[in-house]
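# Residue-level structure breakdown
As a plain string of letters, each chain reads:
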Amino acid sequence: EDKVVQSPLSLVVHEGDTVTLNCSYEVTNFRSLLWYKQEKKAPTFLFMLTSSGIEKKSGRLSSILDKKELFSILNITATQTGDSAIYLCAVGNAGGTSYGKLTFGQGTILTVHP
Amino acid sequence: EAGVTQSPTHLIKTRGQQATLRCSPISGHTSVYWYQQALGLGLQFLLWYDEGEERNRGNFPPRFSGRQFPNYSSELNVNALELEDSALYLCASSSYSSYNEQFFGPGTRLTVL
């Protein structure tokens, strides 16, 4: 069964700090790894990674995938209070019984204090 | 570009009743996915529809069912509601070729009393 584990489960920082969120996975037919930000309801798409070692960046957020070690990290630099949210990691499968579905981790709750 | 839309925002039902939740995908997307996010649990995959066909189904009982219409919108039906069905139901859409790149709607909060 596909499995995604995120760490830490929660994190409290102050504005301006840099944070690193971790995601490790076990999946039978890996196709992609995705990061989402969930504030109230809808998870908002951040990144999709398919290739190992290639960093994706969007403003203060960046992410990288290591397909050999089966993990990804999400970095947020110069955090702001608006970054407070649950960050979800998900893995997409290329086929088999998990075809099409995303398997999600438990999420990391990030709280940024002013 | 309009995002995924869902209705209703909130739904309150009693045990044994049926609930119908609706989803409209992003224009140009043919695939619709349904996920359940219960309190204390992560997002759990329910169903995937593409071009009107059910492509995959998660580990949920048959009383969770759905359909996809010719305009690619979708309905999720939950029959014989149980208290543990109370959850946030999220719909996502994607193009078929990029079926992992899923964009989510705001969800429907279902409360079963």
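Right, let's walk through the structure included here. Just so it is clear, the structure is predicted and the values come from calculations on it, not from any experiment.

## Looking at the interface of chain A and chain B
- Listed per partner, the contact involves 21 residues of chain A and 24 residues of chain B.
- For the pair chain A and chain B, the two sides together bury roughly 1900 Å², of which 54% comes from carbon and sulfur.
- Broken down residue by residue, the surface that chain A buries against chain B is led by A:R31, A:K41 and A:Y99, which jointly contribute 33%.
- Viewed at the interface, chain B and chain A are joined by zero salt bridges.
- For the interface between chain A and chain B, the tally reads ten residue pairs in polar contact (both at pLDDT 80 or more).

## Some remarks on the environment of A:Q106
All names here are of chain A.
- With respect to the helices and strands, the residue Q106 is situated in the loop between β10 (102-104) and β11 (108-113).
- In this structure Q106 comes out as partly exposed when scored by relative accessible area, which is 46%.
- Through-space distance from the C-alpha of Q106 to that of C23 is 9.9 Å; in sequence the pair is 83 residues apart.
- Filtering out sequence-adjacent residues up to four positions away, Q106 remains in contact with V4, V5, Q6, L9 and L88.
- At 3.0 Å, the side chain of Q106 forms a polar contact with the backbone nitrogen of Q6.

## Looking at the sheet that holds strand β6 (residues 56-58) of chain A
All names here are of chain A.
- Across the sheet, five strands lie side by side as β1-β3-β8-β7-β6; this open sheet has antiparallel pairing. If you trace the sheet from one side to the other, it starts and ends with β1 (3-7) and β6, each paired once. Strand-to-strand twist across the sheet, computed as the mean angle between neighbouring axes with direction ignored, equals 15°.
- Bridge analysis of β6 against strand β7 (residues 61-66) gives three bridges, and the strand direction is antiparallel. Pairing of K56 across the sheet is with S63, part of β7.

So, how was this worked out
Residues numbered from 1 in each chain as written. Chains lettered and ligands numbered in written order. Predicted model: local features only at pLDDT ≥ 70, side-chain atom pairs only at ≥ 80, totals over all residues. Heavy atoms only, no water. Contact = heavy atoms within 4.5 Å. Buried area = accessible area lost by both parts, 1.4 Å probe. Salt bridge = Lys/Arg side-chain N within 4 Å of Asp/Glu carboxyl O. Polar contact = N/O pair within 3.5 Å; in protein donor to acceptor, adjacent residues only side chain to side chain. Helix = DSSP H or I, 4+ residues; strand = E, 2+ residues; numbered from the N terminus. Buried < 20%, exposed > 50% of the residue type's maximum accessible area, 1.4 Å probe, protein only. Pairing = 2+ DSSP bridges. Axes fitted to C-alpha atoms, helices over the stretch in contact; angles between N-to-C directions.

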